[in-house]
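# Per-entry structural report
Residue-level listing of the chains:
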Amino acid sequence: MSQIITGKTKLLGVIGHPIEHSLSPIMHNAAIAHLGLDYVYLPFPVHPDNLQAAISGFAAIDLVGINITIPHKQAIKPLIAEISPTAKAIGAINTVWKTSIGTWAGTNTDVEGFIAPLQTYNQDWSQKTAVVLGNGGAARAVVAGCAQLGFGETYVVGRNATKLAEFIASWDSLATKLLVRTWDKLPLLIPHAQVIINTTPIGMYPNVTQSPLSDEEMALLRADAIAYDLIYTPRPTKFLQQAQQRGATAIDGLEMLVQQGAAALAIWLQQPVPVDIMRQSLQNHLSKYN
Ligand code: NAP
């Protein structure tokens, strides 16, 4: 891919600390090149101590939009004038753009990213149970997504009872019955789960032989279940391989990554974006690691 940067080129980017491993520049620049637009998407390493200065600087240079990644997703909230209801509910922002009056607005596109592959099943989820493994940042987007899809019940399973209590207390109202359970209760939950989602890093490269479920727990998985792993290196994870051996449907984290990026780019460009090109660019890149 070659692109000529001109004096008119508009700036997009992603801030994080560290940022070297971000895949966002790959998919966004692939989409920009495909659309033939005079934009460029850059990675910006921003130390937590410099977050406010960086955001002021981005305003000063008229940057169009920014993705926000770890560790800034929560810390950026006081710097954003308009926060979407979704981002407020999750407590984290991953996409920021300039409003018509020059202030910053922010939302969280991880929810759209998470639900996109599930929406292709065109199901009524209202009688269904989701089991979410882990109670960190990504689990918050997953719970908001389960509520948006209208799951009857959503269980969040974690290893720390105090964190689980804080997690459930942090939601105002949700369009799903939210329950929390400690990890030892998993054998009771798995047989009822139509969708089980791994939001922990267990099984992520290089720990590719690990799975959040033991063989005994996996043996309880319904053959008609959907196993969804937010991890995208490797593809598939051990968790998804085990689930497929049970006859379950597997969804890996690549589509969520692509769709949250596509949703952000559509906000910035205010036009349809080439999701297939974004997906293909990441598949090509990640094939080196699988
Ligand atoms: P996070 O905020 O650090 O949360 C991780 C969660 O996993 C925590 O609840 C943690 O439990 C739990 N956990 C970690 N190790 C565990 C273990 N050995 N046993 C049980 N629980 C364990 O991280 P995150 O931002 O939510 O990200 C989690 C994963 O999702 C990462 O692999 C990330 O790459 C992936 N992700 C993918 C996408 C995508 O677009 N596909 C988007 C976001 C995140 P404690 O709270 O008890 O420590």
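Residues numbered from 1 in each chain as written. Predicted model: local features only at pLDDT ≥ 70, side-chain atom pairs only at ≥ 80, totals over all residues. Heavy atoms only, no water.

### Concerning the overall build of the chain
Short version of the rule: The numbering of helices and of strands both runs from the N terminus, where a helix is a DSSP run of H or I of at least 4 residues and a strand a run of E of at least 2. For the radius of gyration, the atoms used are the C-alpha atoms, and the globule rule reads 2.2 Å times the number of residues raised to 0.38. Classification of residues uses two cut-offs on accessible area relative to the type maximum, computed with a 1.4 Å probe and protein chains only: under 20% is buried, over 50% is exposed, and between them is partly exposed. Contact between two residues is taken to exist if any of their heavy atoms lie within 4.5 Å; hydrogens are not considered. Using a 1.4 Å probe, accessible areas were evaluated by the Shrake-Rupley method; residue-level cover was limited to the displayed protein chains. Think of it this way: Lys and Arg go in the positive column, Asp and Glu in the negative one, and His and the chain ends go nowhere. Charge positions are represented by NZ for Lys, CZ for Arg, CG for Asp and CD for Glu.
Looking only at helices and strands, the chain has eleven helices and twelve strands in total. Here the C-alpha atoms of the chain give a radius of gyration of 19 Å, agreeing with the 19 Å that 2.2 N^0.38 yields for 290 residues. Each principal axis of the C-alpha distribution contributes one length, and for the chain these read about 60 × 40 × 35 Å. Here the chain holds 290 residues, and 50% of them are scored as buried. Expressed as a percentage of contacts within the chain between residues at least 6 apart in sequence, the contacts between residues at least 24 apart total 71%. A total of about 13,500 Å² of accessible surface is found on the chain, and carbon and sulfur atoms cover 53% of it. Placing the 19 positive and 20 negative side-chain charges of the chain at their respective mean positions leaves the two points 1 Å apart.

### Regarding the packing of aromatic side chains
The test is simple: Classification of ring pairs rests on two measures: the distance between centres of Phe, Tyr or Trp rings, Trp counted by its six-membered ring, which must be within 6.5 Å, and the angle between planes, read as stacked under 30 degrees, edge-to-face over 60 and tilted in between.
In the structure shown here, the tally under the stated rule is five aromatic pairs. Aromatic pair Phe114 and Tyr228: ring centres 4.9 Å apart, planes at 25°, arrangement stacked. You can see Phe114 sitting in helix 4 (residues 110-119) and its partner Tyr228 sitting in strand 11 (residues 226-229), a full 114 residues away along the chain. Residue classification places Tyr228 among the buried residues on the basis of a relative accessible area of 0%.

### Overview of the domain arrangement of the chain
In many analyses, interface size is given as the accessible surface area lost on bringing the parts together. Put simply, the rule reads: As used throughout, domain bounds are those supplied by an automatic or database domain assignment. For any pair of parts, buried area is found by adding up, for both, the accessible area (1.4 Å probe) each one loses once the two are put together. A pairing counts as a salt bridge when a side-chain nitrogen of Lys or Arg comes within 4 Å of a carboxyl oxygen of Asp or Glu. In protein, a polar contact requires one atom able to donate a hydrogen and another able to accept it; more generally it is a pair of N or O atoms within 3.5 Å, and residues adjacent in sequence count only if both atoms are side-chain atoms. In this count, Pro and Cys sit with the nonpolar residues alongside Ala, Val, Leu, Ile, Met, Phe, Trp and Tyr, while Asp, Glu, Lys and Arg are called charged and the others, Gly among them, polar.
Segmenting the chain into domains produces domain 1 (10-108 + 257-289) and domain 2 (112-252). On a C-alpha basis, the centres of domain 1 and domain 2 stand 26 Å from each other. Taken together, the contacts link ten residues of domain 1 with ten residues of domain 2. Overall, the association of domain 1 and domain 2 removes approximately 950 Å² of surface from exposure, summing both partners, and the carbon and sulfur fraction of that is 69%. Across the contact surface, domain 1 and domain 2 share zero salt bridges. Across the domain 1-domain 2 interface, the total number found is two residue pairs in polar contact (both at pLDDT 80 or more). Mapped by element, the contributors of at least two residues to the side of domain 1 that touches domain 2 are helix 3 (85-90), helix 10 (254-269) and helix 11 (275-286). Examining the composition of the side of domain 1 that touches domain 2, we find that four residues originate from one element, helix 10, more than from any other. Considered class by class, the residues forming the side of domain 1 that touches domain 2 number seven nonpolar, three polar and no charged.

### A few points about unusual backbone geometry
A cis amide bond links His17 to the next residue, Pro18, at an omega of 5°. As for its position among the elements, Pro18 is in the loop between strand 1 (10-16) and helix 1 (24-35). Residue Thr233 is joined to Pro234 through a cis peptide bond whose omega torsion reads 0°. Structurally, Pro234 is set in the loop between strand 11 and helix 9 (238-245). Phi angles above zero are rare outside glycine, and Asp62 is one such case at about 60°.

### Comments concerning the layout of surface pockets
Here is the rule: For each structure, a 1 Å grid was placed over the protein atoms alone; sets of points admitting a 1.4 Å probe that cannot get out are labelled cavities, open sets with protein on both sides within 12 Å along at least five of seven lines are labelled pockets, and lining residues have an atom within 4 Å of a point. Grid points are joined across faces, edges and corners, and a volume is the space filled by probe spheres set on the points.
A volume near 1,800 Å³ is recorded for the largest pocket. What lines the largest pocket is a set of 50 residues, among which Thr69, Ile70, Ala138, Met204 and Tyr232 lie closest to the centre. Going through the elements one at a time, strand 3 (65-68), helix 5 (137-149), helix 10 and helix 11 are the ones with two or more residues in the lining of the largest pocket. Across the lining of the largest pocket, the residue classes tally to 23 nonpolar, 21 polar and six charged. Split by domain, the residues of the lining of the largest pocket number at least three in each of domain 1 (10-108 + 257-289) and domain 2 (112-252).

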